[in-house]
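Summary of structural features
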Amino acid sequence: MPTIKFHQDLKVYQKSFETAMEIYEISKNFPKEALYSLTDQIRRSSRSVSANISEAWGKRKYEKSFVAKLTDSEGEARETQTWLLFARKCIYINEDQFIILNNQYNQIIGMLVNMMSKSKNWCTFSSINKD
């Protein structure tokens, strides 16, 4: 297992970042009338998942702060799933795109919940060999 020294080394960070970039690319095709509602919201929430993971990593000296930021990240992932459903129902994305992206967020949420349930293992300043 690779040693985790930085938040960028976390699989959950990598997956959330890659998925946010997929959403960015797909949302370029959303209609202009959705720019200030759905497009901005889905981009903001999807990016916030990774940003909160970064903040959590920086706060792992304090377990409660670490868990709080991961909880924020989980909330943003769930919000993104809701925006994806709106995008699907508005026919801005197709069913296959929705299923793939929604499943990716289910995996991200699962990884975050796992990290929170094992928060003591993550709250250290030594190198960590965990996911």
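Presented here is a report on the structure given in the accompanying data block. (Residues numbered from 1 in each chain as written. Predicted model: local features only at pLDDT ≥ 70, side-chain atom pairs only at ≥ 80, totals over all residues. Heavy atoms only, no water.)

Here we look at the overall build of the protein chain
Here is the rule: Each helix is a run of DSSP H or I of at least 4 residues and each strand a run of E of at least 2, with the numbering of both proceeding from the N terminus. Atoms considered for the radius of gyration are the C-alpha atoms alone. The globule rule reads 2.2 Å times the number of residues to the power 0.38.
What the protein chain contains, in helices and strands, is five helices and zero strands. For the protein chain, the N- to C-terminal ordering of α and β elements is α-α-α-α-α. For a compact globule of 131 residues, the expected C-alpha radius of gyration is about 14 Å, and the protein chain comes in at 15 Å, within 12% of that figure. Seen along its three principal axes, the alpha-carbon backbone of the protein chain occupies a region of about 50 × 25 × 20 Å.

Focus on the side chain of Ser50
Applied cut-off: For the exposure calls, accessible area comes from a 1.4 Å probe over protein chains only, and a residue counts as buried if that area is under 20% of its type's maximum, exposed if over 50%, partly exposed in between. Here, two residues are considered to be in contact whenever any of their heavy atoms come within 4.5 Å of each other.
Here Ser50 lies in helix α2 (residues 35–58). Residue Ser50 is classed as buried on the basis of its relative accessible area of 6%. Setting aside anything within four residues of it in sequence, one finds Ser50 in contact with Tyr13, Ser16 and Phe17.

Concerning the packing of helix α1 (residues 11–27) against helix α4 (residues 95–117)
Quick note on the threshold: Comment: axis = line fitted to C-alpha atoms, over the contacting stretch for helices; angle = value between 0 and 180 degrees taken between N-to-C directions. Convention used here: angles under 35 degrees read as roughly parallel, angles over 145 as roughly antiparallel, angles from 65 to 115 as roughly perpendicular, and any remaining angle as oblique. Crossing handedness: left-handed means the near helix sits turned counterclockwise from the far one by under a right angle, and right-handed means the same turn made clockwise.
It is at 10 Å that the axes of α1 and α4 come closest, and there the two elements cross at 155°. Classified by the angle their axes make, α1 and α4 are roughly antiparallel. Both α1 and α4 take part in a crossing whose hand is left-handed. Across the interface between the two elements, Lys11, Val12, Lys15, Ser16, Thr19, Ala20, Glu22, Ile23 and Ile26 from α1 touch Gln97, Leu101, Gln104, Tyr105, Gln107, Ile108, Met111, Leu112 and Met115 from α4.

Some words on α2
Operational definition: One less than the number of residues in a helix, times 1.5 Å, gives the span that helix is expected to have. Two axes enter the bend calculation: one fitted to the seven residues ending at the residue in question, the other to the seven starting there, and the bend is the angle between them.
Here α2 contains 24 residues, and its C-alpha end-to-end distance of 33 Å stays within 8% of the 34 Å for a straight helix at 1.5 Å per residue. Of all the bends in α2, the greatest, near 25°, is centred on Ser48.

Details of the nonpolar core
Stated precisely, the cut-off is as follows: Nonpolar core, defined: a set of buried Ala, Val, Leu, Ile, Met, Phe, Trp, Tyr and Cys residues in which side-chain atoms within 4.5 Å join the residues together.
Membership of the largest hydrophobic core comes to 29 residues, with the highest contact counts inside it found for Leu10 and Leu84. In terms of residues, this core owes the most to one element, α4, which gives eight residues. Once residues within four sequence positions are removed from consideration, Leu10 is found in contact with Ile4, Ile53, Trp57, Met115 and Trp122.

A closer look at the environment of Lys59
Looking at the element boundaries, Lys59 is found in the loop between α2 and α3 (63–89). You can call Lys59 partly exposed: its relative accessible area is 35%. Separated by 65 residues in sequence, Lys59 and Thr124 have C-alpha atoms that sit 9.9 Å apart. Discounting chain neighbours no more than four positions away, the residues touching Lys59 are Ser65, Phe66 and Lys69.

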